[in-house]
Each structure stands twice: as structure tokens, then as C-alpha cells.
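Residues per chain, in single letters:
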Amino acid sequence: MLDANDIALVGIGVGVKLLLWPAYHSTDFEVHRNWLAITASLPVSRWYYESRSLWTLDYPPFFAWFEWMLSHAARLLDPRIVDLDNLDYAAASCVVFQRLTVIASELVLFLALCRAVRATGSSTQARVAAALVFLSPGFLLVDHVHFQYNGFLLGILVYSLTFALEGRDLLAAVSFAVLLCFKHIFMYIAPAYFVYLLRHHCFAGSKIDVSALRLAQLGLAVGVVFAIAFGPFVAMGQTHQLLARLFPFKRGLCHAFWAPNFWALYTFTDRLLSLIARIAPQLVTANISQLGSSTRGRVGDTRFAVLPDIPPIATFVATFAAQTPAFAVLMRRTCRPTRLVQATVLCAHASFMFGWHVHEKAIMLILVPLGLLVAAAPSQRVLRAHAVLSIAGFYSLLPLLFGAQELPIKAAILLIWSLCSLALLHANGHSAWECLTRVERLYVLGHFPLFALSELVPGLFGHMQFVPLALVSVYTALGVGYSWFCLAAAFLTDRS
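Residues numbered from 1 in each chain as written. Predicted model: local features only at pLDDT ≥ 70, side-chain atom pairs only at ≥ 80, totals over all residues. Heavy atoms only, no water.

J.: Could you give me a rundown of the nonpolar core, with the residues and numbers involved?
T.: Of all hydrophobic cores here, the largest spans 158 residues; its most connected members are Leu157, Phe186, Ile189, Ile363, Leu487 and Phe491. Per element, the largest residue contribution to this core is eleven residues, and it comes from helix H16 (residues 337-354). Leave out the neighbours within four places in its chain, and isoleucine 363 touches Phe352, Leu389, Gly393, Leu397 and Val480. (Core = buried A, V, L, I, M, F, W, Y, C linked by side-chain atoms within 4.5 Å. Buried < 20%, exposed > 50% of the residue type's maximum accessible area, 1.4 Å probe, protein only. Helix = DSSP H or I, 4+ residues; strand = E, 2+ residues; numbered from the N terminus. Contact = heavy atoms within 4.5 Å.)

Quick look at the structure:
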């Protein structure tokens, strides 16, 4: 049951999001408009073959059906929205419709957070943490300006984790399977669910026959979800085509704008070494033809001038190895539901740090479940890591909004949210700011000069226009990496 505070939060959220409507929207806006057109205009058998636009359908079937449902309303409002040949259509009716669908679908996130608050004790801390997740810069900037549906998808994840916190493992598994059929990026955290459900649901001290029955129930429930989603396409002989769309490995190691992870630091190191090679070729040997590969702003193979090139398999091995702390958390003597949330955070974090072609927007996959832990009386170490990670992660999203019109908007949103987070979130009677060490405070404050260099005086770097973006990626990558070590240490030594 929603109370007055919940309704007020929704009102504030909707009001802020409506004010963002006139702002810039990215090519993702046209991506989703084209998907509306594909699902509305073509039979199901052609959805994953249609290619007259660059923005082909590359999400799993449940998201395609989600677009199909939205397309019916779009057709009633303006039939040109779902015209396959009407590329780059962005009339006022189209903008209003698509912006409204993001706001409406985010109700899933809001209701999931309300349930999570009740599951974690309905304390003031839990309410504040949930409000900060709902109004986070990640959703405001990425979903409601840049344009995506992350709030809707992460709302399903919050529901799944909350079901686990309530001890409803089967519902947690089914809802997570549904989520995978909406967007396959959540495969990164699937290992945490797999190990947790085996330990907590199937083999939690039960007799062998009971464990076998529970395992069969779990497998059947998850299998039915995947059969509903992928069965029709398998029956039509489209398995290979569907997989080719979902896993386009022709994309390079790094996105055009480097996500703040290990590979951003690796790429930056290669750039420094290549600079040394130009100045003192006797010290460093470089393949000069590859100098522009990692900063050209296009999607493709990332080649390095000095350091070895990284194949996809190397990132998979590194990611799996980095997820080891998550498995260690789940294999401890007591496998409580909170362990699943901790392991989810660590799996998502490891995947962000070492994954192939990671987008900076994937930081939300770490911060949302971490917000659930902050809601439930966190330790000072967890709150410190949350403060560093959230500020660094959200700051790394600012370059997505590159127009002068959006500059004061994104600065104000991040500053207000950061101040509220540092002042209102507490651990053991101390605010998040008070919990930070001196070095951590200096790092957080370092975002102010970074903002000046990257946003206010980018012309300082002349023709080297990529330098401000590289500075953002590298500086925020340090915070993201540091918080990963802090969270792994905190969760592994947690004796609660």
C-alpha cells in the first residue's frame, strides 16, 4: 500500500522527468522507434532479419514483444511512428510518446523498490536509499535524456532480488529468467543466481530426494520461461540468426567512449606508450598505423600500438576469474539471501571491469543492487565504497550528454544527488561523507577540477578532442576499480 510519501516521490520524479523532455536524445531514440516499426509492420518471422535501418533488433524476444505492445498505442497516436521507411522520425508526437513510455514503464522500478523497502525493514535509511535509486542520475540522464529503458529492466531485477530476500527462491529464479529474456546483458550476474539457488534452494541441508525434486522444479520453471521466449524462433529455424544478433562480437574491446574499467586504463597506457614511441622510438616500439584505433569514435576492432591486442576469450577468462570473490561469498557456511545481493554486485562489478565492449551505462547494473544493500543498515566500508562508486560511475555518464544546453542540467542533477547521498545515507550513526577516508574525500572532490577540464575548457586541448573524454574514463575508472576491491573485501569478511 502506497503512503503519502511514496506518492510524493512519484510526483517529484515525474515532474523532473517531464522537465527533461526538451533535452537532447541520442541515436537510441531512433533505435527504439525503429523497433516499434519492425514489430508493428512485419511478421514475427522477419523481426530478426529486418536490416533496412542500421538499428536492427538485437534484444531478446521478450523485449521485442514489449516493443510490439507499445507499437499498438504508437499507431493510434501517430501511424508515422511505426512506418519502417520513415527513418529518423522525431516529430513532437513521437518524442512525447516515447518519453511517456519510459516514464510509465519505470513504475515497475518504483513498485519493486517499495517492496524492497518493506523487505529490508521499512527504516528511514531504506526509504532514503530507495528514493536515491529511483531518482538517480543514471536513470534521469540515461533513460530520460539519452533515452533507454533501464529503469524498467532494473525494476525486474529489484523484484527478483527482493523475492530472494523474502525467501521466495522460485519466484526469484523465474523473474530473473524473464529478465534474461528481456535483455541478455544480465547474463553477467547469472552465475551468482546459479550458485545461490543451488545452495539455498536445492541443497540447503535437505535429503537427496527433496533436493532432486527442488532442482527439477527449478529447472522446469526456468525452462518454461526460456521455451516461451525462444521456442517460436527455434521452431522457425532462426537460432543462428537470433544468436548472431544478440552476440555481435565484431564490435571492439572498448566502446567509442571508453567505459571506466580496466580496459580504459589498458588503452590509456597504450596511448602513453605510443606517445613515448613517437618521442623516443629507441625506447618503445609502436605500430603507428594503429594509433587511432581506440579513439576513433567508431564501433569496430580495437587495435593497440604497443600493448598486445585483447581477444574476446581473454576478457571472458578475466571476467570469470574476477567473479571468484562472488562465488566465495556464496560458498560461505551461511548462505543467507543477502549473500545473493552481495554476489550480484560483485559479479556485475567484475563484468563491468573486465567485460568485452562494455558500455558506461552498465554501471547501473552494479549500483542498483548495491543500493539494496545500503538500504539494509550497511557497514561503513560498504557505504564508503558506495559513495566512491556512485559518484565516479554517474560522473562517467556525463559525456553522453555533450550539448551546451545539457551542461547545467547534468551538472545540477549529479551535484544535488551526490550531496543528498553523502549527507542522508548513514552507517553506524555516521553520514557517508563522515565515513570516507581523507584520500577518498580528495578523490570525490577531484571530480570538480575534472569537470572544469573536461566540460568547461575542452578547447584547451586543441585538436586532441579525445583527451577530455580519456581523462574522464581514466579518472572514474580508478574509483570504479578501487570500489571493487573495497566491496570484495567487505563482503568476504562480513560476519553478519
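J.: Give a description of the packing of aromatic side chains that names residues and reports values.
T.: All told, the structure shown has 30 aromatic pairs when counted by the stated rule. Ring plane angle 75° and centroid distance 5.2 Å describe the contact between phenylalanine 29 and phenylalanine 147, whose orientation is recorded as edge-to-face. Of this pair, phenylalanine 29 sits in helix H2 (residues 27-41) while phenylalanine 147 sits in helix H7 (residues 137-147), placing them 118 residues apart in sequence. Of the two residues, phenylalanine 29 and phenylalanine 147, neither departs from the other in class, the shared state being buried. (Phe/Tyr/Trp six-rings, centres within 6.5 Å; stacked < 30°, edge-to-face > 60°.)

J.: Could you give an account of the packing of H2 against helix H3 (residues 61-77), naming the residues involved and the relevant values?
T.: Between H2 and H3, the least distance of the axes is 8 Å, while the angle of their chain directions is 85°. Classified by the interaxial angle, the pair formed by H2 and H3 is roughly perpendicular. Residues His32, Trp35, Leu36, Thr39 and Ala40 of H2 lie in contact with H3, whose contacting residues are Phe63, Ala64, Glu67, Trp68, Leu70, Ser71 and Arg75. Its residues assigned to classes, the contact of H2 with H3 comprises seven nonpolar, three polar and two charged. (Axes fitted to C-alpha atoms, helices over the stretch in contact; angles between N-to-C directions. Parallel < 35°, antiparallel > 145°, perpendicular 65-115°, else oblique. Nonpolar A, V, L, I, M, F, W, Y, C, P; charged D, E, K, R; others polar.)

J.: Explain the pattern of salt bridges to me, and be specific about the residues and the numbers.
T.: Counting across every chain of the model gives eleven salt bridges. A salt bridge links arginine 115 to glutamate 166, with the shortest nitrogen-to-oxygen separation between them at 2.9 Å. Here the residue arginine 115 occupies a position in helix H5 (residues 107-119), and glutamate 166 occupies one in the loop between helix H8 (150-165) and helix H9 (169-180), the gap between them amounting to 51 residues. Residue classification places arginine 115 among the partly exposed positions, given a relative accessible area of 22%. (Salt bridge = Lys/Arg side-chain N within 4 Å of Asp/Glu carboxyl O.)

J.: Before we move on, can you summarise H8 with the specific residues and values?
T.: Relative to the 22 Å expected for 16 residues at 1.5 Å per residue, H8 spans 22 Å between its end C-alpha atoms, a close match to the ideal helical length. The buried count for H8 comes to 14 of 16 residues, which makes it a mostly enclosed element. One or two residues past the end of H8 sits glycine 167, with phi positive at roughly 85°. (Expected span 1.5 Å × (residues − 1).)

J.: Which residues make up the environment of leucine 367, and what values go with them?
T.: By the secondary structure assignment, leucine 367 is in helix H17 (residues 364-375). Distance in space between the C-alpha atoms of leucine 367 and tryptophan 68 is 30 Å, their sequence separation being 299 residues. If near-sequence neighbours (up to four positions away) are discounted, leucine 367 is found in contact with Leu389, Ser390 and Phe394.

J.: Tell me about helix H6 (residues 124-134), residues and numbers included.
T.: Residue pairs three or four apart in sequence face the same way in an α-helix, which turns once every 3.6 residues. For H6, the tally of buried residues reaches eight of eleven residues, placing the bulk of the element in the interior. Every buried residue of H6 is accounted for by Gln125, Ala126, Val128, Ala129, Ala130, Leu132, Val133 and Phe134. In this fold, the buried residues of H6 make contact with helix H1 (4-19), H5, H7, H17, helix H19 (407-424) and strand S1 (426-427).

J.: Give a description of the state of the cysteines that names residues and reports values.
T.: What the rule picks out here adds up to zero disulfides. The closest cysteine sulfur to the non-disulfide-bonded cysteine 114 is located on cysteine 420, 19 Å from its own sulfur. Cysteine 420 forms no disulfide, and the closest cysteine sulfur to it belongs to cysteine 435, at a distance of 17 Å. On the accessibility criterion, cysteine 420 (30% relative accessible area) is partly exposed. (Disulfide = S-S within 2.5 Å.)

J.: Tell me what's going on with the confidence of the model for the chain, and back it up with residues and numbers.
T.: On average, residues of the chain score 90 in pLDDT, and 92% of them reach the 70 mark or higher. Taking the mean pLDDT of every element in the chain, the minimum, 82, falls on H1 and the maximum, 98, on helix H21 (residues 438-445). Note on residues 295-300: pLDDT is under 50 here. Beyond four places in sequence and across chains, it has eleven contacts. (pLDDT = per-residue confidence, 0-100.)

J.: An account of the packing of H16 against H17 is requested, with residue identities and associated values reported.
T.: The interhelical angle for the contact between H16 and H17, taken along N-to-C directions, is 155°, at an axis separation of 9 Å. Considering the angle they form, H16 stands roughly antiparallel to H17. For H16 against H17, the interelement crossing comes out left-handed. The residues of H17 that touch H16, namely those facing Thr338, Val341, Gln342, Thr344, Val345, Ala348, His349 and Phe352, are Leu365, Ile366, Pro369, Leu370, Leu372 and Leu373. Grouping the constituent residues of the contact of H16 with H17 by class yields ten nonpolar, four polar and no charged. (Left-handed = near helix turned anticlockwise from the far one by under 90°.)

J.: Please give an account of unusual backbone geometry that cites residues and values.
T.: The backbone of aspartate 88 shows a phi angle near 60°, a positive value even though the residue is not glycine. Structurally, the position occupied by aspartate 88 is in the loop between H3 and helix H4 (92-105). With relative accessibility at 60%, the residue aspartate 88 sits in the exposed group. The residue phenylalanine 147 is not glycine, and still its phi comes out positive at about 100°. You can call phenylalanine 147 buried: its relative accessible area is 0%.

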